[in-house]
Amino acid sequence: VKYERSVIVILANNIRRRIFKDYINRTPNSFHSDQQASLIAKISYHLPLVSMGVSNTFFSFWRWLIYLVIVLVISLVSGFNVWALMLFFIVISGVLLVASCFVARFYISQEVTFYSRIIKEVDFNASNLEFVKLFNQEDAVLNKFDKLVWFDSFFRVKRDVLLRIGFKVVFALLIVVSLLS
């Protein structure tokens, strides 16, 4: 696990450096405050999220494959019906895959969108604070911020509920498998 995380962190840091290098090597007349906000969102939030996703999918797939081989070896050694166990293992993995794709598509992606919009909005308004004050836009800025935070919180709660239910389903499946064997 330590080596997995180390590889992912090194990869993320290299990508983070490249993104920042590309940003600072541009011509000065191409700088815009919305691009600065986007840069901050990419470096501080999107990249760690992508590295977590790569870690959880790539390395989890290899772990799953190792578990499948172990189950096959144990079932061959013990004389248990390999095909029934393998079929059960693959069906449960497929159900978990579909459930996690559903959660990622409808909840985690929405949470990412709102969280990065909050970062961009805060950076944009903090960079243009003189404009906000000059035209008395404090209430409008705060109202937009409150709406983004509310939507972000809504999707975070949904995601946490689904993830906790997922752990309980996996635990229940482990109990069923242990009772059947």
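Everything quoted here is computed from the prediction, not taken from an experiment. (Residues numbered from 1 in each chain as written. Predicted model: local features only at pLDDT ≥ 70, side-chain atom pairs only at ≥ 80, totals over all residues. Heavy atoms only, no water.)

**Some details on the overall build of the protein**
Condition: Only DSSP runs of H or I covering at least 4 residues are called helices, and only runs of E covering at least 2 are called strands; the numbering of each starts at the N terminus. Each accessible area value is a Shrake-Rupley result obtained with a 1.4 Å probe; residue values ignore everything except the protein chains displayed when judging cover.
The helix and strand inventory of the protein stands at five helices and zero strands. Of the regular secondary structure in the protein, the N- to C-terminal order runs α-α-α-α-α. Within the structure as shown, the protein displays about 13200 Å² of accessible surface, and the carbon and sulfur contribution to it stands at 71%.

**Some words on the environment of Phe88**
Test applied: Type-normalised accessible area, obtained with a 1.4 Å probe on protein chains alone, sets the label of each residue: buried when under 20%, exposed when over 50%, and partly exposed for intermediate values.
With respect to the helices and strands, Phe88 occurs in helix 3 (residues 82-127). The exposure class assigned to Phe88 is partly exposed, which follows from its relative accessible area of 30%. Linking Phe88 and Val177, residues 89 residues apart in sequence, is a C-alpha distance of 9.4 Å.

**A word on the pattern of salt bridges**
Oppositely charged side chains may form a pair once their charged atoms are brought near each other. Heads up, the condition is: A pair is scored as a salt bridge if a Lys or Arg side-chain nitrogen falls within 4 Å of a carboxyl oxygen belonging to Asp or Glu.
Throughout the structure, instances matching the rule amount to two salt bridges. The shortest N-O distance in the salt bridge between Lys133 and Glu138 comes to 3.9 Å. For Glu138, a relative accessible area of 27% corresponds to the partly exposed category.

**Some words on the environment of Ile40**
Note the following rule: Contact criterion: two residues are considered in contact whenever any of their non-hydrogen atoms come within 4.5 Å of each other.
Considering the arrangement of structural elements, one finds Ile40 in helix 2 (residues 33-78). A relative accessible area of 31% places Ile40 in the partly exposed class. Linking Ile40 and Asp123, residues 83 residues apart in sequence, is a C-alpha distance of 8.2 Å. Excluding anything up to four places from it in sequence, Ile40 contacts Tyr45, Ile119 and Asp123.

**What about a nonpolar patch on the surface?**
Heads up, the rule is: Patches in this entry comprise residues that are over 30% relatively accessible and not in a salt bridge; like charges within 9 Å are linked, as are nonpolar side chains (Val, Leu, Ile, Met, Phe, Trp, Tyr) within 5 Å.
On the surface, a cluster of nonpolar side chains totalling about 480 Å² of accessible area is made up of Val50, Val54, Phe58, Phe61 and Trp62. Relative to the assigned elements, Phe58 resides in helix 2. Judged by relative accessible area, Phe58 falls into the partly exposed class, the value being 44%.

**Structural notes on the packing of aromatic side chains**
The description of an aromatic ring pair rests on the distance of the ring centres and on the angle between the ring planes. Quick note on the threshold: To pair, rings of Phe, Tyr and Trp, with the six-membered ring standing in for Trp, must have centres within 6.5 Å; the planes then decide the type, stacked if under 30 degrees apart, edge-to-face if over 60, and tilted in the middle.
In total, this model carries six aromatic pairs according to the counting rule given. Relative to Trp62, the ring of Phe58 lies with its centre 6.4 Å away and its plane at 75°, an arrangement referred to as edge-to-face. With Phe58 and Trp62 both in helix 2 and four residues apart, the pair spans about one turn of that helix. Seen from their ring centres, Trp150 and Phe151 are 5.2 Å apart, and the 75° between their planes marks the pair as edge-to-face. Residue classification places Phe151 among the partly exposed residues on the basis of a relative accessible area of 35%. Three or more aromatic residues joined by ring pairs form one cluster here, namely Phe58, Phe59, Phe61 and Trp62.

**Remarks on unusual backbone geometry**
One non-glycine residue, Asn136, lies in positive phi territory at about 50°. Mapped onto the fold, Asn136 is located in the loop between helix 4 (129-134) and helix 5 (138-180).

**Topic: helix 1 (residues 2-24)**
Using the following cut-off: Expected helix span is taken as 1.5 Å per residue step, with the number of steps being one fewer than the number of residues.
Look at helix 1: 33 Å from first C-alpha to last across 23 residues, which is about the 33 Å you get at 1.5 Å a residue. Taken together, the buried positions of helix 1 are occupied by Glu4, Ile8, Ala12 and Tyr23.

**Some thoughts on the side chain of Asn125**
Tracing the backbone shows Asn125 in helix 3. Note on Asn125: relative accessible area 11%, which makes it buried. Sequence-distant contacts of Asn125, that is, excluding residues within four places in its chain, are made with Val132 and Val141.

**Focus on the confidence of the model for the protein**
To keep it simple, the criterion reads: What pLDDT conveys is the predictor's confidence in a given residue, as a value from 0 to 100.
Per-residue confidence for the protein gives a mean pLDDT of 78; residues scoring 70 or more make up 88%. Within the protein, helix 3 has the poorest average pLDDT of any element, 77, and helix 4 the best, 88.

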